[in-house]
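Single-letter residue listing:
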Amino acid sequence: MVNDDFYQNNRLFYKSKYWRCEHQNLCYPNGFLNYPKKTYDYFLEVLHSFDTTNNHYKILDLGCGNGLLLKHLLDNSYLEIEPFGVDFLENSILQAKNLLHKEFQSNFICCNFIDYDFSHFPYDFVFLDPYHLQQNEVEFITKVLKHTKTAVIFYTYYDVLENLKYNSVKEFPILKPFMLDSFEHQEMSFAILHKK
Ligand SMILES: C[S@@+](CC[C@H](N)C(=O)[O-])C[C@H]1O[C@@H](n2cnc3c(N)ncnc32)[C@H](O)[C@@H]1O
């Protein structure tokens, strides 16, 4: 059962962390002070590890901030990517629509991703940090997988893992029921849930 307090508190937390004041820095709403090229290149590496033969890929970032990660993938991948993003911070979604993804404005939605309707499914790849989920909401992962064509790519940052005393993103309780392949990097941990 969805505990609204959990998401409302998270929303207030991120709003005060990323949007305490108006600013022009496109990295802040994603939790970075400077452009995180190395971090975003890990996502690119994971994406390119798939056997990709289609000519169009729909990628959904659940908790997309202002879409900077998606923009990095779009600009640096050899794949033709159509970006989709959901975030519950209005200012971040406005930046995605007005600055970073003008051509794809209607693909960016402001809501709690728990309530997202996945209206453009199937998505080839979905990015999701399980740290943002209530750990008893396994059905949500099942729902995400249902709307995914190739794989759900879970990720989290090592400072989060360190705080939780986990070694890998796979150790989040909500991911325990699933068979996952993991990729570990110095700053990031990834786990892939393949669509059979
Ligand atoms: C660290 S930022 C990551 C942004 C982007 N994915 C990236 O890697 O650059 C995490 C984002 O997730 C969003 N978020 C967290 N929980 C969410 C939820 N339940 N629904 C929608 N957005 C959420 C926050 O507002 C924040 O913008």
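A brief report on the enclosed structure follows. What you see is a predicted model, and the numbers here were worked out from it, not measured in a lab. (Residues numbered from 1 in each chain as written. Predicted model: local features only at pLDDT ≥ 70, side-chain atom pairs only at ≥ 80, totals over all residues. Heavy atoms only, no water.)

## As for the sheet that holds strand β4 (residues 123-128)
Whether parallel or antiparallel, the strands of a sheet pair through hydrogen bonds between backbone atoms.
So, point 1. Read across the open sheet, the seven strands follow the order β3-β2-β1-β4-β5-β7-β6; overall the sheet is mixed. One side of each edge strand has no neighbouring strand; the edge strands of this open sheet are β3 (108-110) and β6 (181-184). Strand after strand, the sheet turns through a mean of 15° between neighbouring axes, direction not considered.
So, point 2. Relative to β4, strand β1 (residues 57-62) runs parallel, the two being bridged by four bridges. Looking across to β4, one finds that Leu60 is bridged to Val126.
So, point 3. Along the sheet face, helix α3 (residues 68-76) touches β1, β2 (81-87), β3 and β4 and points at about 175° away from the line of β2. (Pairing = 2+ DSSP bridges. Helix = DSSP H or I, 4+ residues; strand = E, 2+ residues; numbered from the N terminus. Axes fitted to C-alpha atoms, helices over the stretch in contact; angles between N-to-C directions. Contact = heavy atoms within 4.5 Å.)

## Describing the pattern of salt bridges
So, point 1. Scanning the model with the defined rule gives four salt bridges in all.
So, point 2. Here Asp75 makes a salt bridge to Lys71, at a shortest N to O gap of 3.4 Å. Here Lys71 and Asp75 lie together in helix α3, a separation of four residues that amounts to about one turn.
So, point 3. Judged by its relative accessible area of 49%, Asp75 is partly exposed.
So, point 4. Assessed through its relative accessible area of 26%, Lys71 is described here as partly exposed.
So, point 5. Close ionic contact of Lys149 with Asp124 constitutes a salt bridge, the shortest N to O distance being 3.7 Å. With Lys149 in strand β5 (residues 148-157) and Asp124 in strand β4, this pair connects stretches of sequence that are 25 residues apart. (Salt bridge = Lys/Arg side-chain N within 4 Å of Asp/Glu carboxyl O. Buried < 20%, exposed > 50% of the residue type's maximum accessible area, 1.4 Å probe, protein only.)

## With respect to the layout of surface pockets
So, point 1. By volume, the largest pocket amounts to about 720 Å³.
So, point 2. If you go around the largest pocket, you meet 30 residues; those closest to its centre are Tyr14, Tyr18, Asn30, His132 and Tyr157.
So, point 3. Broken down by element, the lining of the largest pocket gets its largest block of residues, six residues, from helix α1 (residues 4-18).
So, point 4. Counted as a void, the second largest pocket has a volume near 170 Å³.
So, point 5. Lys17, Tyr18, Trp19, Arg20, Cys21, His23, Tyr28, Gly31, Phe32 and Leu33 are the residues that line the second largest pocket.
So, point 6. The residue makeup of the lining of the second largest pocket, split by class, is six nonpolar, two polar and two charged. (1 Å grid on protein atoms, 1.4 Å probe; cavity = no way out; pocket = protein on both sides within 12 Å on 5 of 7 lines; lining within 4 Å. Points joined across faces, edges and corners; volume = space filled by probe spheres on them. Nonpolar A, V, L, I, M, F, W, Y, C, P; charged D, E, K, R; others polar.)

## Here we look at the site of the ligand
So, point 1. Residues in contact with the ligand amount to 20 residues; listed here are only the nearest, Tyr40, Asp61, Gly63, Asp87 and Asn112.
So, point 2. With respect to the ligand, the side chain of Tyr40 contributes an N or O atom lying 2.5 Å from an oxygen atom.
So, point 3. Separating a nitrogen atom of the ligand from a backbone N or O atom of Phe113 is a distance of 2.9 Å.
So, point 4. Protein chains shield 97% of the accessible area of the ligand, which is 600 Å² for the free molecule.
So, point 5. Contributing elements (two or more residues each) for the shell around the ligand: α1 and β5. (Near = heavy atom within 4 Å. Polar contact = N/O pair within 3.5 Å; in protein donor to acceptor, adjacent residues only side chain to side chain. Areas by Shrake-Rupley, 256 points an atom, 1.4 Å probe, with all protein chains shown as cover.)

## A short note on the nonpolar core
So, point 1. With 31 residues, the main nonpolar core has Phe43, Ile59, Leu73, Phe125, Ile153 and Phe190 as its most contacted residues.
So, point 2. Excluding residues within four positions of it along the chain, Phe190 makes contact with Tyr42, Phe43, Val46, Ile153, Phe154, Tyr155, Val169, Asp181, Ser182, Phe183 and His185.
So, point 3. Core analysis: the second largest hydrophobic core is formed by 30 residues, Val86, Phe113, Phe118 and Val152 among them. (Core = buried A, V, L, I, M, F, W, Y, C linked by side-chain atoms within 4.5 Å.)

## Digging into the pairing of β2
So, point 1. Among the seven residues in β2, seven count as buried, and that is most of the element.
So, point 2. The alternating pattern of β2 places Ile81, Pro83, Gly85 and Asp87 and Glu82, Phe84 and Val86 on opposite faces, both of which are buried.
So, point 3. With α3 bridging β1 and the parallel β2, this β-α-β connection has right-handed handedness.
So, point 4. For β2 and β3, the ladder comprises three bridges, and the chain directions are parallel. Within β3, the residue paired with Gly85 across the bridge is Phe108.
So, point 5. Tracing the backbone out of β2, into helix α4 (residues 90-100) and back to the parallel element β3 gives a crossover that is right-handed. (Right-handed = clockwise from strand over helix to strand, strands pointing away.)

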